[in-house]
Amino acid sequence: MHLEIGPLRVGKPRVGVALGSGSARGWSHIGVLKELEAAGIEIDIVTGTSAGGVIGSFFAADAIEHAEEFAAKYKSPRVTLSYMDFSVGAGGLIGGKRFVGFLEEYLPVRKFSELKRSFGVVATDLSSMQEVHISDGALIPAVRATVAVPGFLSPEVFGDYQLVDGGLLNPVPVSLARKLGADLVIAVDLDAHAVREKAEGVTGIMYRTIDTMMNRIRLENYKSHPPDISIEPVLHDYGFLDFHRSPEAIEEGRRAAREKLPEIKKMLHRPLSRSSRLLFNPGSIPDALRSLSLRQETGSATTGSSKETDKT
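## Examining the overall build of the chain
Across its full length, the chain holds 9 helices and 14 strands. Counting all 312 residues of the chain, 51% fall into the buried class. When the accessible area of the chain is evaluated, it comes to approximately 14,300 Å², of which 53% is carbon and sulfur surface.

Quick look at the structure:
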């Protein structure tokens with residue numbers, strides 16, 4: 001329970017979780033979320049970027065076990081390849097239809113409004129070179145947009161928007177969690193323990209280049225929008241496409257979350273007696289940033305028939 005008097009909120013804080021990008025390492029988000037739930041930590045708001053957007057959508061739908069069921073089916077790299085519909089001339093090596101098929105089969109929700117928790121994802125609009133927040137409208141195309149790694153998965157196009165991986169501009173979406181109303185934000189940062197390594201081959205160099213840019217942006221974003229607590233799984237030798245190694249990633253997520261439980265519980269037991277408006281300052285985000293609502297045609301989960309935009 002909490003009491004609101006103008007900008008002042010007193011009482012139980014709204015807890016948000018910001019799930020970071022990380023490709024196959026994103027399986028660790030499952031372990032983090034399940035450990036928090038087991039410890040009785042109530043999460044009101046979920047935001048995600050890239051892999052964090054995928055797992056976050058299942059958690060917001062109260063269907064995290066569906067994601068875990070799917071992860072258990074990954075027994076080898078061959079399974080990963082079976083979900084890749086290689087494409088030429090579509091803006092990426094992968095078309096994305098099989099990924100959408102996975103979402104349609106396992107995710108029981110089609111609209112943001114049907115979710116059990118407030119949820120938002122971050123994408124990057126290549127047309128305007130700006131960050132985009134999506135927390136309304138059609139869910140599956142929004143999740144498809146946030147995972148569209150440039151050069152790997154083709155962009156998701158909606159009218160004038162050409163949407164790709166949100167990790168390019170906001171790898172750990174703490175700012176979006178604040179925007180959606182979180183008083184306290186727990187970040188799950190999959191890149192906090194990056195190691196020095198030499199990139200190999202064309203794709204290796206391309207992905208390492210993207211990771212380098214994202215790492216610098218992640219650190220800069222923390223200066224203006226720091227989380228209250230950061231959970232940091234350690235997955236040094238976990239490759240971009242190591243989706244078949246989900247058991248160890250999930251267990252590492254549990255371990256990392258357990259490590260921070262005393263700190264989280266201490267934070268939650270402190271009375272909230274500060275202005276929620278001070279926790280998130282929209283003026284610190286560029287004016288060109290948009291909140292995008294995706295509308296889909298009947299029977300289509302990948303094509304938006306119209307869009308609504310409002311400056312944040």
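## Let's talk about the nonpolar core
In globular proteins that are soluble, nonpolar side chains generally tend to be buried together. Ranked by internal contacts, the top residues of the largest apolar core, which has 73 residues, are Trp 27, Leu 36, Phe 58, Ile 134 and Leu 163. Those residues within four positions of Leu 163 in sequence are excluded, and the remaining contacts are Ala 123, Thr 124, Asp 125, Val 132, Ile 134, Ala 145, Ala 148, Pro 155, Glu 156, Phe 158 and Leu 292.

## Description of helix H2 (residues 51–60)
Burial analysis of H2 places 10 of its 10 residues in the buried class, the great majority of the element. Just downstream of H2 lies Asp 62, where phi reads positive at about 60 degrees.

## Brief notes about the packing of H2 against helix H6 (residues 139–146)
One way to put it is that H2 packs onto H6 with a least axis distance of 7 Å and a crossing angle of 155 degrees. In terms of axis orientation, H2 runs roughly antiparallel to H6. Remark: the crossing between H2 and H6 carries left-handed chirality. Where H2 abuts H6, its residues Gly 53, Val 54 and Ser 57 lie against Leu 139, Val 143 and Thr 146. For the contact of H2 with H6, the per-class residue count stands at 3 nonpolar, 3 polar and no charged.

## Considerations on the packing of aromatic side chains
For the structure on display, the rule yields 8 aromatic pairs. Ring centres 5.0 Å apart and planes at 65 degrees place the aromatic pair Phe 70 and Tyr 106 in the edge-to-face group. Pair noted here: Phe 70 is in helix H3 (residues 64–72) and Tyr 106 is in helix H5 (residues 97–106), with a separation of 36 residues, a long-range link. Since its relative accessible area comes to 4%, Phe 70 is described here as buried.

## Focus on the pattern of salt bridges
If you walk through the whole model with that rule in mind, you get 16 salt bridges. Residue Asp 62 is joined to Arg 117 by a salt bridge in which the shortest nitrogen-to-oxygen separation is 2.8 Å. One end of the pair, Asp 62, is in the loop between H2 and H3; the other, Arg 117, is in the loop between H5 and strand E6 (118–125), with 55 residues separating them in the sequence. Residue Asp 62 is classed as partly exposed on the basis of its relative accessible area of 43%. A relative accessible area of 17% places Arg 117 in the buried class. The salt bridge involving Glu 156 is made with Arg 144; its shortest N-O contact spans 3.5 Å.

## Let's talk about the confidence of the model for the chain
Residues with a pLDDT of 70 or more make up 80% of the chain, whose mean pLDDT is 81. Contacts from residues 1–8, a stretch scored under 50 in pLDDT, to residues over four places away or in other chains number 19 contacts. Here residues 273–289 is modelled with pLDDT under 50, and outside its nearest four sequence neighbours on either side it reaches 34 contacts, counting other chains as well.

## As for the environment of Ile 229
Turning to its location among the elements, Ile 229 is positioned in strand E12 (residues 229–231). Taking the C-alpha atoms as reference points, Ile 229 and Val 17, separated by 212 residues in sequence, lie 9.7 Å from one another. Sequence-distant contacts of Ile 229, that is, excluding residues within four places in its chain, are made with Val 185, Ile 186, Ala 187, Lys 260, Glu 263, Ile 264 and Met 267.

## Describing helix H1 (residues 28–38)
Of all 11 residues making up H1, 8 are buried, and the element is well covered by its neighbours. For H1, the full list of buried residues reads Ser 28, His 29, Ile 30, Gly 31, Val 32, Leu 33, Glu 35 and Leu 36. For H1, the secondary structure elements touched by its buried residues are strand E3 (15–19), H2, H3, strand E11 (184–188), E12 and helix H9 (246–268). Phi turns positive, to about 80 degrees, at Gly 40, one or two residues after H1.

Rules used in this analysis
- Residues numbered from 1 in each chain as written.
- Predicted model: local features only at pLDDT ≥ 70, side-chain atom pairs only at ≥ 80, totals over all residues.
- Heavy atoms only, no water.
- Helix = DSSP H or I, 4+ residues; strand = E, 2+ residues; numbered from the N terminus.
- Buried < 20%, exposed > 50% of the residue type's maximum accessible area, 1.4 Å probe, protein only.
- Areas by Shrake-Rupley, 256 points an atom, 1.4 Å probe, with all protein chains shown as cover.
- Core = buried A, V, L, I, M, F, W, Y, C linked by side-chain atoms within 4.5 Å.
- Contact = heavy atoms within 4.5 Å.
- Axes fitted to C-alpha atoms, helices over the stretch in contact; angles between N-to-C directions.
- Parallel < 35°, antiparallel > 145°, perpendicular 65-115°, else oblique.
- Left-handed = near helix turned anticlockwise from the far one by under 90°.
- Nonpolar A, V, L, I, M, F, W, Y, C, P; charged D, E, K, R; others polar.
- Phe/Tyr/Trp six-rings, centres within 6.5 Å; stacked < 30°, edge-to-face > 60°.
- Salt bridge = Lys/Arg side-chain N within 4 Å of Asp/Glu carboxyl O.
- pLDDT = per-residue confidence, 0-100.

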